[in-house]
There are 2 protein chains.
Amino acid sequence: MKEFTINFTAQNKKIKVSQGTDLLTAAIKSGIMMHAACGGEGLCGKCKVVIDKKEVLACQTIVESDLNVNIPKESLEIHTKLAHESEEFTKGVVLKREDAFKFSPLVRKIYLELSGPAQDDNLSDLDRIYREISHKFDNLRISTSLSNLKHLSEILRDSDFKVTVTIACKDDALDIITVEPGDTTKTNYGFAFDIGTTTIAGQLIDLNNKNILGTRIAFNKQALYGSDVITRIIYASNPGGLAGLSEAVLDNINEIILDLSGAQNIALSDVYSVVLAGNMTMMHLLLKIDPANIRKAPYIPTTTVFETIHAPEVGVEINPKGIAAFLPGVTTYIGGDTVSGVIACGLAESDELSLLIDIGTNGEIVLGNREWMIGAAASAGPAFEGSGLECGMKAVKGAIQGAEIDGDINVKAVTVDGGKPKGICGSGYIDLLCQMLKRGVIGKNGKIDGTLKSKNIRKTGSGYEFTVAEDIVITEDDIENLKRSKGAIYSAIISLLNKVEKSIADIKKIYIAGGFGNYLNIENAVFIGLLPDTDRSIYEFIGNSSLAGARMSLLSRDAFMKANDIYKNITYVDLSSEPKYMDEYVASLFFPHTDLGRFPSVRL
Amino acid sequence: MKEFTINFTAQNKKIKVSQGTDLLTAAIKSGIMMHAACGGEGLCGKCKVVIDKKEVLACQTIVESDLNVNIPKESLEIHTKLAHESEEFTKGVVLKREDAFKFSPLVRKIYLELSGPAQDDNLSDLDRIYREISHKFDNLRISTSLSNLKHLSEILRDSDFKVTVTIACKDDALDIITVEPGDTTKTNYGFAFDIGTTTIAGQLIDLNNKNILGTRIAFNKQALYGSDVITRIIYASNPGGLAGLSEAVLDNINEIILDLSGAQNIALSDVYSVVLAGNMTMMHLLLKIDPANIRKAPYIPTTTVFETIHAPEVGVEINPKGIAAFLPGVTTYIGGDTVSGVIACGLAESDELSLLIDIGTNGEIVLGNREWMIGAAASAGPAFEGSGLECGMKAVKGAIQGAEIDGDINVKAVTVDGGKPKGICGSGYIDLLCQMLKRGVIGKNGKIDGTLKSKNIRKTGSGYEFTVAEDIVITEDDIENLKRSKGAIYSAIISLLNKVEKSIADIKKIYIAGGFGNYLNIENAVFIGLLPDTDRSIYEFIGNSSLAGARMSLLSRDAFMKANDIYKNITYVDLSSEPKYMDEYVASLFFPHTDLGRFPSVRL
């Protein structure tokens with residue numbers, strides 16, 4: 001097969017590829033992050049490149065000769081640091097719950113000063129260790145791998161029977177992963193990860209004192225292969241596709257590990273544990289488990305529970321004897337990230353009826369208490385993440401995150417960083433909708449009032465649009481999209497309540513989790529009908545609860561074991577087969593709702 | 001470093017070795033099996049070779065030039081097929097107990113016709129399998145490795161949800177080791193092994209019907225590196241020594257596997273399980289666990305219990321997803337082979353007081369019933385295996401296994417194969433001693449009566465010797481050696497009885513296990529004072545009980561789990577620290593015993 005050289009001129013990168021390779025693949029292989037929201041299907045039109053002054057789609061262009069390729073800036077995936085990479089977002093209010101579970105890290109180090117063997121104490125070397133530690137672990141079954149036995153007798157005797165054993169909790173048993181001479185207990189670190197479709201968040205934890213030593217958030221590199229789970233699942237079915245997706249997210253994970261441990265001068269060999277929480281598709285892709293049937297009816301994952309395994313089996317680069325543990329999920333739609341959130345907020349331990357709403361790429365909702373839980377996924381779509389909207393963007397530099405509209409319909413938009421607006425993020429849209437409703441720019445049905453005199457209202461081929469800032473608009477299609485999203489979440493909440501014959505008034509606590517973090521204005525969210533109109537004091541922002549639950553599991557075996565109770569105890573409700581869900585959904589396709597009686601505090 | 005070519009002329013084998021290599025190592029490397037009883041320390045003098053008509057010890061001769069080496073026949077390890085490789089020996093009377101445990105092989109195949117997923121039955125693929133099988137296994141914890149998940153969804157759907165799962169029992173959990181399309185339950189095979197210091201015995205079992213498809217016995221190839229465990233442990237401390245010893249016994253194991261499965265046209269991929277029983281040193285060497293401290297006081301093994309692992313971790317060549325399980329031991333001196341024997345004979349399940357005597361390279365003894373067990377190792381030495389005696393040999397072709405002496409002190413010796421006598425094996429020595437006692441050739445103290453007129457009695461530099469056949473003698477040193485061996489075993493039995501304040505009359509059953517098999521004449525063994533003088537009907541030969549217990553464990557998870565009870569319940573008695581043991585031992589250094597009252601049936 002012939003090979004050709006592709007020269008990406010702007011990036012100054014050259015790569016040799018086989019004849020027939022497409023240019024998007026060539027770019028990815030040479031390490032250039034391009035937009036490819038549709039997964040290279042030629043649909044999204046975002047991977048434009050210029051060859052000989054002619055614009056083509058990289059994914060649709062097949063290499064048949066040596067080429068000079070110019071990738072314009074707008075085709076490059078932006079890797080700006082996320083705006084809400086803040087302690088507040090990542091720690092969140094969840095820190096209040098940090099002591100809810102006994103401190104007992106999934107991987108512990110224990111220093112032992114063993115008495116040496118004698119004629120009247122002739123236990124084997126291994127049993128001598130077991131005898132000393134078993135009572136510390138409720139006499140759980142203990143085992144160790146053959147490799148740790150090969151030189152155990154020498155290690156014990158060379159160290160005068162003073163050794164540090166590193167013990168990993170694996171399900172209902174213990175695994176001694178290392179036996180080292182002397183006292184090395186001072187160094188024991190772990191990472192908690194939330195593996196999101198859009199973003200990956202990781203935290204480095206000192207497992208001796210629970211301290212968070214650093215947090216990093218990065219865009220999921222799988223975005224190169226598709227912006228949503230569906231396109232990625234399709235991409236995974238190509239030869240090498242699944243491996244590529246797994247490598248992409250492993251790149252994210254290992255970069256964060258290297259970055260955070262490097263910043264703290266911590267050796268990777270002192271990191272023995274990683275706990276990961278993510279949705280079902282993310283877990284399948286990470287672990288290279290064929291995800292094909294997740295997107296085909298009746299939407300069955302291969303597994304919802306993932307055994308704790310050795311880190312190298314996943315490809316996570318910590319101490320090779322270290323472990324990777326995964327929060328278990330319920331179904332394709334209620335993943336380990338949601339279960340992790342339930343751990344984080346304490347819903348499953350409370351007597352009071354509580355509601356957890358995780359608004360991310362989808363909206364997962366869990367309702368219940370210590371006795372019972374039901375959960376559903378609202379097909380909210382990624383609108384609140386700024387995706388699929390005319391000027392939507394993630395909450396990064398230049399994103400409008402709030403807006404005020406005055407009586408003359410002038411808009412004052414505020415960006416995340418205070419700089420020039422480049423687009424609108426989720427919380428910005430909610431603020432805008434709220435203001436537009438209040439100023440009459442849109443009606444309850446979400447249609448822009450074309451009769452209103454304002455330079456900011458303009459008719460286009462597909463309806464009206466409203467100008468928020470220079471070159472930044474919100475269209476009627478956008479509003480429709482947002483309305484459907486908020487309707488999906490609100491009607492899901494009501495349907496779950498109906499299912500158990502409860503009402504909003506019965507809910508004593510509402511936890512808001514997800515990318516919104518503390519940036520969501522509750523008042524405005526209620527105003528547009530996204531959240532129920534109830535006592536505002538029962539709302540609590542818990543930020544990235546998936547990350548928080550992973551961290552709590554890393555720090556406490558009890559928390560991790562609790563996750564196993566939780567996933568078994570959540571009854572999944574398939575909203576599409578709930579008889580009244582569709583009525584509820586349609587009724588919620590107004591601002592705030594068809595039934596204004598449900599939103600007494602909202603006065604339009 | 002210079003290299004030289006060594007030409008082993010008689011074997012027509014050439015090998016290049018580095019300067020400084022010894023000739024024994026060179027011979028071993030070129031695949032020639034030489035005697036090296038002392039492990040190459042220059043002590044046993046058995047590895048004689050001839051260079052330029054000069055006789056030298058191979059182990060003490062360093063290569064400094066190209067050489068022609070002639071290895072005389074007597075320096076070659078004899079690899080004759082073992083005489084008692086018979087169904088009787090390997091199955092033994094133990095077959096009576098074959099149904100003592102529920103049939104539930106350690107690895108089982110189950111064919112499943114699963115109902116496919118539906119909207120109202122949306123379990124994950126893995127849970128769908130778990131749901132179907134968990135009730136078949138008392139709801140034990142089930143897991144599977146990540147590798148089995150990667151393509152599970154495709155396998156299930158391609159096979160219309162008709163699959164065969166192969167399930168391994170690992171301790172108190174189940175591990176799905178393969179999921180295959182269609183019904184493959186017809187092929188499921190396993191091997192049971194007894195890993196002895198001298199011999200390796202293996203059996204191929206059809207796990208669908210318990211049939212023994214074949215048995216092989218081979219000499220342990222580790223003999224190349226030393227005839228007993230001590231020399232092998234010393235050899236293991238050399239660079240590469242431990243690996244060499246492990247490879248040697250793995251060679252044995254894999255040859256037997258290949259040989260037996262080949263004979264039955266069984267593919268190795270259809271063999272999923274191997275159960276191995278062996279003494280503590282054999283297990284350490286096989287698994288490459290440093291055995292150094294087994295031979296240093298206070299004689300501590302690294303471990304007495306070995307986790308069930310994947311076959312490739314050991315190096316056993318069956319289906320790479322298959323498992324290797326090991327019978328657990330008690331201490332350095334009571335290994336998995338003895339525990340396996342206890343399973344085989346049923347001592348631990350009986351209300352009656354029973355005694356198990358395993359006479360091999362050492363003598364292991366277990367006394368007890370279902371309530372309690374005590375065990376000891378008698379330092380009997382390998383005399384009853386023919387080792388360390390002037391004309392001793394294993395029970396192979398040419399070995400005298402029985403003898404009659406007439407009134408004129410003429411000897412009629414019978415060999416194993418009826419052919420020309422080459423030496424004397426264990427049972428032959430017992431018969432000879434018995435006859436010599438009866439005919440007055442020796443007295444109660446074991447000394448040859450030099451006053452007796454017989455051409456067969458001759459005085460040498462170190463006392464008298466008795467000619468058994470042409471060139472085959474039994475010396476006073478041999479008799480002393482055998483007397484010590486029988487005394488060690490008998491006094492160990494008495495000491496265990498004393499320990500629990502019981503007498504021989506309290507024993508309701510005596511199991512004789514080991515290489516003797518059915519060839520040991522009980523009457524003669526009692527006559528020389530090796531076995532207690534009690535009701536002959538309570539004696540039962542159980543042949544290779546270590547192999548039988550391994551086979552029973554392979555066929556029944558309950559039997560394998562029982563081994564875990566057994567090893568915990570056997571209290572090890574260190575005879576050397578028993579106050580009265582030495583008196584008992586000294587008293588037994590007569591034929592049959594100092595205290596003739598203990599042997600009422602023996603009339604000299």
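Draft legend 1. Representation of the overall build of chain A within the structure. Across its full length, chain A carries 16 helices and 27 strands. Relative to its length of 604 residues, chain A is compact, with a C-alpha radius of gyration of 26 Å against a globular reference of 25 Å. The buried share among the 604 residues of chain A stands at 53%. In chain A, the proportion of contacts linking residues at least 24 apart, taken out of those at least 6 apart, comes to 68%.

Draft legend 2. Examining unusual backbone geometry more closely. Between Ala297(A) and Pro298(A) the backbone carries a cis peptide bond, its omega angle lying at 0 degrees. With respect to the helices and strands, Pro298(A) occurs in the loop between helix H8 (280–286) and strand E14 (309–310). Although it is not a glycine, Asp160(B) sits at a positive phi angle of roughly 55 degrees. Checked against the element boundaries, Asp160(B) lands in the loop between helix H5 (152–158) and strand E8 (162–170).

Draft legend 3. Looking closely at the relation of the copies chain B and chain A. Screw-axis analysis of chain B against chain A gives a translation of 0.1 Å along the axis, an RMSD of 0.2 Å, and a rotation angle of 180 degrees. Those values place the two copies in the arrangement expected of a two-fold rotation axis. Interface residue correspondence from chain B to chain A reaches 100%, placing this contact among same-surface, isologous pairings.

Draft legend 4. Summary view of the domain arrangement of chain A. Residues and elements named next belong to chain A. Segmentation of chain A into domains returns domain 1 (3–75), domain 2 (89–100 + 187–326), domain 3 (107–181), domain 4 (347–382 + 482–598) and domain 5 (397–471). A straight line from the C-alpha centre of domain 2 to that of domain 4 covers 24 Å. Counting residues at the interface gives 24 residues for domain 2 and 22 residues for domain 4. Of all elements in the fold, only helix H2 (87–91), strand E10 (189–195), strand E11 (199–206) and strand E13 (271–278) reach the threshold of two or more residues within the side of domain 2 that touches domain 4. Residues that form the side of domain 2 that touches domain 4 fall into these classes: eleven nonpolar, nine polar and four charged.

Draft legend 5. How the structure looks around the nonpolar core. Counting residues in hydrophobic clusters, the biggest one holds 365 residues, and the most contacted among them are Ile365(A), Ile424(A), Leu433(A) and Ile424(B). With sequence-adjacent residues up to four places away left out, Ile424(A) is seen in contact with Gly386(A), Cys391(A), Gly392(A), Met393(A), Ala399(A), Ile400(A), Tyr429(A), Leu432(A), Val468(A), Ile472(A) and Ile474(A).

Draft legend 6. Here's a closer look at the interface of chain B and chain A. At the interface, 35 residues of chain B touch 35 residues of chain A. Where the side of chain B that touches chain A is concerned, the elements lending two or more residues are helix H3 (125–133), strand E7 (141–144), helix H4 (146–149) and H5 of chain B. With three residues, the top contributor of residues to the side of chain B that touches chain A is H5(B). Taken together, the residues that form the side of chain B that touches chain A break down as 13 nonpolar, twelve polar and ten charged.

Draft legend 7. Summary view of the packing of helix H10 (residues 336–345) of chain A against helix H14 (residues 545–555) of chain A. Residue and element names in this part refer to chain A. The interhelical angle for the contact between H10 and H14, taken along N-to-C directions, is 70 degrees, at an axis separation of 7 Å. Looking at the two axes, H10 sits roughly perpendicular to H14. Contact residues: Asp-337, Ser-340, Gly-341, Ile-343, Ala-344 and Cys-345 in H10; Ser-545, Ser-546, Ala-548, Gly-549, Ala-550, Met-552 and Ser-553 in H14. Residue composition of the contact of H10 with H14, grouped by class: six nonpolar, six polar and one charged.

Draft legend 8. Up close: helix H11 (residues 426–438) of chain B. Residue and element names in this part refer to chain B. Taking 1.5 Å per residue as the helical rise, H11 with its 13 residues ought to reach 18 Å, and the 19 Å between its terminal C-alpha atoms agrees with that figure. Within H11, twelve of the 13 residues are buried, which leaves it mostly tucked inside the rest of the structure. For H11, the complete set of buried residues consists of Gly-426, Ser-427, Gly-428, Tyr-429, Ile-430, Asp-431, Leu-432, Leu-433, Cys-434, Gln-435, Met-436 and Leu-437. Turning to H11, the residues buried within the fold contact strand E19 (399–405), strand E21 (423–424), strand E23 (463–469), strand E24 (472–475), helix H12 (476–499) and helix H13 (522–527).

Draft legend 9. Structural context of the confidence of the model for chain A. Residue and element names in this part refer to chain A. With 95% of its residues at a pLDDT of 70 or more, chain A has an overall mean of 91. Contacts for the low-pLDDT stretch residues 79–93, under 50 throughout, to residues beyond four places or in other chains number 42 contacts. The ipTM for the predicted assembly is 0.87, set against a pTM of 0.87.

Draft legend 10. Structural view of the sheet that holds E7(B). Residue and element names in this part refer to chain B. With mixed pairing, four strands are arranged side by side in an open sheet as E6-E8-E9-E7. Two strands bound the open sheet, and with one partner strand each, they are strand E6 (107–113) and E7. In this sheet, neighbouring strand axes are inclined to one another by 35 degrees on average, regardless of whether the strands run parallel or antiparallel. In this sheet, strand E9 (residues 173–181) lies alongside E7 in parallel orientation, the contact comprising four bridges. Along E9, the bridge assignment pairs Arg-141 with Ala-173.

Draft legend 11. Local environment of the sheet that holds strand E1 (residues 3–8) of chain A. All names here are of chain A. The strand order across the open sheet built from three strands is E2-E1-E5, with neighbouring strands paired in mixed fashion. Across the chains shown, the open sheet's two edge strands, defined by having one partner strand only, are strand E2 (13–18) and strand E5 (67–69). Taken pair by pair, the neighbouring strands of this sheet meet at an average axis angle of 25 degrees, ignoring direction. Relative to E5, E1 is paired through three bridges, and the arrangement is parallel. Residue pairing for E5: Ile-6 is matched across the bridge by Leu-67.

Draft legend 12. Broad picture of the packing of helix H6 (residues 229–236) of chain A against helix H7 (residues 241–263) of chain A. Residue and element names in this part refer to chain A. The contact between H6 and H7 brings their axes to 7 Å, and the two run at 130 degrees. Of the possible angle classes, the one that applies to H6 and H7 is oblique. Mapping the contact onto sequence places Arg-232, Tyr-235 and Ala-236 in H6 and Gly-241, Leu-242 and Leu-245 in H7. Split by residue class, the contact of H6 with H7 holds four nonpolar, one polar and one charged.

Draft legend 13. Here's a closer look at the environment of Asn362(A). You can see Asn362(A) is positioned in the loop between strand E16 (354–359) and strand E17 (363–368). Residues Asn362(A) and Pro579(A), spaced 217 residues apart in sequence, show a C-alpha to C-alpha distance of 22 Å.

What counts, and where the lines are drawn
- Residue numbering note: each chain is counted from 1, following its sequence as written.
- Throughout, the order in which chains and ligands are written sets their labels, letters from A for the former and numbers from 1 for the latter.
- For a predicted model such as this one, the threshold for reporting local features is a pLDDT of at least 70, and the threshold for listing and counting side-chain atom pairs is 80 or more; totals across whole chains, interfaces and linings nevertheless cover every residue.
- Counting from the N terminus, the helices are the DSSP runs of H or I reaching at least four residues and the strands are the DSSP runs of E reaching at least two.
- Atoms counted for the radius of gyration: C-alpha only. Globule rule: 2.2 Å times residue count to the power 0.38.
- Three exposure classes are used. Buried residues have 20 or more other C-beta atoms within 10 Å of their own C-beta, exposed residues have 12 or fewer, and partly exposed residues fall in between, all C-beta atoms being placed from the backbone.
- In this description, any two residues whose backbone-derived C-beta atoms lie within 7 Å of each other are considered to be in contact.
- For this overlay, a least-squares fit was computed on C-alpha atoms, restricted to residues scoring pLDDT of at least 70 in both copies.
- A domain assignment, automatic or from a database, supplies the domain bounds used here.
- Any residue that is not Ala, Val, Leu, Ile, Met, Phe, Trp, Tyr, Cys, Pro, Asp, Glu, Lys or Arg is counted as polar, Gly included; the first ten are nonpolar and the last four charged.
- Buried Ala, Val, Leu, Ile, Met, Phe, Trp, Tyr and Cys residues form a nonpolar core when they are connected through C-beta atoms within 7 Å.
- Here, axes are lines fitted to C-alpha atoms. For helices the fit covers the stretch in contact, and angles between N-to-C directions go from 0 to 180 degrees.
- Each angle receives one of four descriptions, namely roughly parallel if under 35 degrees, roughly antiparallel if over 145, roughly perpendicular if within 65 to 115, and oblique otherwise.
- What a helix is expected to span follows from its residue count: subtract one and scale by 1.5 Å.
- Per residue, pLDDT captures the predictor's confidence, and it can take any value from 0 to 100.
- When DSSP finds two or more bridges between two strands, those strands count as paired.

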